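# Structure assessment
Each chain is listed here by its residues.
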Amino acid sequence: QVQLVESGGGLVQAGGSLRLSCAASASASIFSINTMAWYRQAPGKQRELVAHITRAGNTNYADSVKGRFTISRDNVKNTVYLQMNSLKPEDTAVYYCAAAPSATLLRTGNWGRGTQVTVSS
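Okay, so let's go over this structure.

Parameters at a glance
- Residues numbered from 1 in each chain as written.
- Predicted model: local features only at pLDDT ≥ 70, side-chain atom pairs only at ≥ 80, totals over all residues.
- Heavy atoms only, no water.
- Phe/Tyr/Trp six-rings, centres within 6.5 Å; stacked < 30°, edge-to-face > 60°.
- Helix = DSSP H or I, 4+ residues; strand = E, 2+ residues; numbered from the N terminus.
- Buried < 20%, exposed > 50% of the residue type's maximum accessible area, 1.4 Å probe, protein only.
- Lys NZ or Arg CZ within 6 Å of the ring centre and 35° of its normal.
- Pairing = 2+ DSSP bridges.
- Axes fitted to C-alpha atoms, helices over the stretch in contact; angles between N-to-C directions.
- Disulfide = S-S within 2.5 Å.
- Core = buried A, V, L, I, M, F, W, Y, C linked by side-chain atoms within 4.5 Å.
- Contact = heavy atoms within 4.5 Å.

### Focus: the packing of aromatic side chains
- A full pass over the atoms with the stated rule returns 2 aromatic pairs.
- Between Tyr39 and Trp111, the ring centres sit 4.7 Å apart and the planes meet at 50°, which makes this aromatic pair tilted. Of this pair, Tyr39 sits in strand E4 (residues 35–41) while Trp111 sits in strand E10 (residues 110–111), and the two are 72 residues apart along the sequence.
- Pairing Tyr96 with Trp111 gives two aromatic rings, centres 6.4 Å apart and planes at 70°, and the pair type is edge-to-face. Separated by 15 residues along the polypeptide, Tyr96 in strand E9 (residues 93–100) and Trp111 in strand E10 bring together distant segments of the chain.
- The partly exposed category is assigned to Trp111, whose relative accessible area is 23%.
- Through a chain of ring-to-ring contacts, the aromatic side chains of Tyr39, Tyr96 and Trp111 assemble into a single cluster.
- Here Arg47 stacks its cationic end above the ring of Tyr96, 3.8 Å away from the centre of that ring.

### Structural notes on the sheet that holds strand E3 (residues 18–24)
- Across the sheet, which stays open at both edges, the 4 strands sit in the order E1-E3-E8-E7 with antiparallel pairing between neighbours. In this open sheet, the two edge strands, each paired with only one partner strand, are strand E1 (4–7) and strand E7 (69–74). Taken pair by pair, the neighbouring strands of this sheet meet at an average axis angle of 15°, ignoring direction.
- Bridge count between E7 and strand E8 (residues 79–84): 6 bridges; the pairing is antiparallel. In the strand pairing of E8, Thr70 is matched with Gln83.

### Brief notes about the pairing of E1
- Alternating residues of E1 divide into Leu4 and Glu6, all buried, and Val5 and Ser7, none buried.
- The pairing of E1 with E3 spans 4 bridges and is classified as antiparallel. Considered in E3, the bridge of Ser7 is made with Ser21.

### Quick look at the state of the cysteines
- Tallying each qualifying case throughout the model produces 1 disulfide.
- Between the sulfur atoms of Cys22 and its disulfide mate Cys97 the distance is 2.1 Å. Since a negative S-S torsion denotes a left-handed disulfide, the Cys22-Cys97 link at about -80° is left-handed. A residue pair is termed long-range when its members are at least 10 positions apart, and Cys22 in strand E3 and Cys97 in strand E9 qualify at 75 residues. Note on accessibility: Cys22 and Cys97 belong to one class, buried.

### Some words on the nonpolar core
- Membership of the largest hydrophobic core comes to 30 residues, with the highest contact counts inside it found for Trp38, Leu82, Met84 and Tyr95.
- When contributions to this core are tallied by element, the ones reaching two or more residues are E3, E4, strand E5 (48–54), E7, E8, E9 and strand E11 (115–120).
- Apart from residues lying up to four places away in sequence, Met84 is in contact with Gly16, Ser17, Leu18, Leu20, Arg68, Phe69, Tyr95 and Val117.
- Of all hydrophobic cores here, the second largest spans 5 residues; its members include Ala37, Ala98, Ala100 and Leu106.

Spelled out as structure tokens, the structure:
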């Protein structure tokens, strides 16, 4: 079982920036965290993929965040980051970190408890 711990959420004004971090447990196997991702869930809405990144650095983004958010990872630290710029009120959500051997397995993989991001207008 891989433990994922998110940090970096908070309250920010529209147009501002936040950086989220998610650290996987040191005992996590390379295979189990080959793909790491950020999801988000706004009140009354389904959880949606924000971005994911493979160990090799291949990335994929939701259309709604392209050009504003950047996902990156530090394979030595088993940590994935989400740099969020030009934030909008509609980005308000609980952001969750996930990890799995591949993108297709993320929803059934390991998940963090989430961190709240609130963007005020």
